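Okay, here's what each chain looks like letter by letter:
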Amino acid sequence: MKLFRALAATALFVVLLLAVYYLHIRFFAVNVVFYSAIADGVIAALLTGLIISTSRTFNGFEKLQLVVIWLLSGYCFAISVPTVIDRSLSFYILEKIQQRGGGIQQSRFADVFTQEYLKEHRLVDVRLTEQLESGTIAIQNGCVKLTEKGQRLAAASRYFRQNFLPKQRLLMGQYSSDLTDPFRQSADVVDYQCQ
């Protein structure tokens with residue numbers, strides 16, 4: 001009986017999550033897709049929690065467990081559906097190949113990314129907005145600078161990349177460690193640094 005009611009409450013959570021998400025994206029402004037989808041998950045979990053709070057089927061601990069499960073499920077939804085589709089280069093590639101009649105010359109993908117992907121998805125605007133909303137950058141006099149939070153996050157990310165990403169990753173038929181240190185081939189001198 002408890003299992004059936006827990007499943008029914010979880011089904012209610014899913015319905016509420018999808019409804020809240022749809023209403024949010026349809027009728028309200030969204031600053032960052034990932035953050036808004038997480039907020040939608042929290043709202044749906046709390047609403048469902050309120051609905052089951054009067055139930056005598058579950059004790060307090062079980063109700064708390066269900067809410068935690070729903071919060072984690074909302075987080076999984078936020079990352080796995082809207083955020084992946086919004087950010088995914090892999091989905092973009094599939095959609096672009098479909099748009100171009102089902103095939104694109106492999107040698108032209110660099111052109112597709114630099115001439116189409118950046119513009120079509122307003123990639124620079126999206127990423128700068130996300131970082132501004134996260135508090136990891138500040139823009140001052142046309143110069144994008146890391147905040148202290150951004151410095152810490154960049155250092156942690158770089159450390160993880162160098163020490164905990166695969167050293168032998170398959171890239172177009174060859175195993176490589178290139179992505180554990182993508183800056184190893186970067187130009188030493190550039191003209192876009194802020195003074």
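For the structure itself, look to the data block above.
Since this is a predicted model, take the numbers as computed values, not measurements. (Residues numbered from 1 in each chain as written. Predicted model: local features only at pLDDT ≥ 70, side-chain atom pairs only at ≥ 80, totals over all residues. Heavy atoms only, no water.)

Q: Whenever I open this one, the packing of aromatic side chains confuses me. Can you help?
A: What describes a pair of aromatic rings is the distance from one ring centre to the other and the angle between the planes of the rings. Considering all chains together, one arrives at nine aromatic pairs under this definition. Judged by centre distance (5.5 Å) and plane angle (85°), the rings of Y21 and F77 are edge-to-face. Of this pair, Y21 sits in helix 1 (residues 2–27) while F77 is found in helix 3 (residues 60–87), placing the two residues 56 residues apart along the sequence. Among the residues examined, Y21 registers a relative accessible area of 19% and is labelled buried. Put simply, the rings of Y92, F109, F113 and Y117 pair up and form one aromatic cluster. (Phe/Tyr/Trp six-rings, centres within 6.5 Å; stacked < 30°, edge-to-face > 60°. Helix = DSSP H or I, 4+ residues; strand = E, 2+ residues; numbered from the N terminus. Buried < 20%, exposed > 50% of the residue type's maximum accessible area, 1.4 Å probe, protein only.)

Q: Just checking my understanding: could you explain the nonpolar core for this structure?
A: In globular proteins that are soluble, nonpolar side chains generally tend to be buried together. Grouped together as the largest cluster of nonpolar side chains are 18 residues, with contacts concentrated most on F13, L17, A44, I52, L66 and W70. Take this core: its biggest share by element is six residues, from helix 1. Contact partners of W70, with chain neighbours within four places excluded, come to A9, T10, F13, A45, T48, G49 and I52. (Core = buried A, V, L, I, M, F, W, Y, C linked by side-chain atoms within 4.5 Å. Contact = heavy atoms within 4.5 Å.)

Q: Honestly, the layout of surface pockets in this entry has me stumped. Any pointers?
A: A water-sized probe rolled over the atoms picks out the places where empty space is left. What the largest pocket holds in volume is close to 230 Å³. A154, S157, R158, R161, P182 and F183 are the residues that line the largest pocket. Taken together, the residues of the lining of the largest pocket sort by class into three nonpolar, one polar and two charged. Lining the second largest pocket, in full, are V144, Y192, Q193 and C194. Classifying every residue of the lining of the second largest pocket by side-chain character gives three nonpolar, one polar and no charged. (1 Å grid on protein atoms, 1.4 Å probe; cavity = no way out; pocket = protein on both sides within 12 Å on 5 of 7 lines; lining within 4 Å. Points joined across faces, edges and corners; volume = space filled by probe spheres on them. Nonpolar A, V, L, I, M, F, W, Y, C, P; charged D, E, K, R; others polar.)

Q: Is there a simple way to think about empty space enclosed by the protein in this case?
A: Enumeration over the complete set of coordinates arrives at one cavity of 30 Å³ or more. Considering the residues around the largest cavity, the lining is formed by L165, P166, R169, L179 and T180. Split by residue class, the lining of the largest cavity holds three nonpolar, one polar and one charged.

Q: What am I meant to see in the state of the cysteines here?
A: Put plainly, two cysteines are in a disulfide when a covalent bond ties their sulfur atoms together. Counting across every chain of the model gives one disulfide. Disulfide pairing is shown between C143 and C194; the S-S distance is 1.8 Å. The disulfide joining C143 to C194 has a torsion of about 120° about its S-S bond and is therefore right-handed. One end of the pair, C143, is in strand 2 (residues 143–146); the other, C194, is in the segment after strand 4 (174–176), and 51 residues separate them in sequence. By relative accessible area, which is 8% here, C143 ends up buried. Classification of C194 by relative accessible area gives partly exposed; the value is 41%. (Disulfide = S-S within 2.5 Å.)

Q: Please clarify how the pattern of salt bridges should be interpreted in this entry.
A: In a structure, side chains of opposite charge can pair up when their charged atoms sit close to one another. If you walk through the whole model with that rule in mind, you get eleven salt bridges. Its salt-bridge partner being R108, residue D111 comes within 2.7 Å of it at the nearest N-O pair. Here D181 ties to R158 by a salt bridge, and the two come within 2.9 Å at their closest N and O atoms. Taken together, the residues D181 in the segment after strand 4 and R158 in helix 7 (residues 148–164) connect sequence positions 23 residues apart. Given the relative accessible area of 26%, R158 is considered partly exposed. Where salt bridges share partners, they join K96, R100, E116 and E120 into one cluster. (Salt bridge = Lys/Arg side-chain N within 4 Å of Asp/Glu carboxyl O.)

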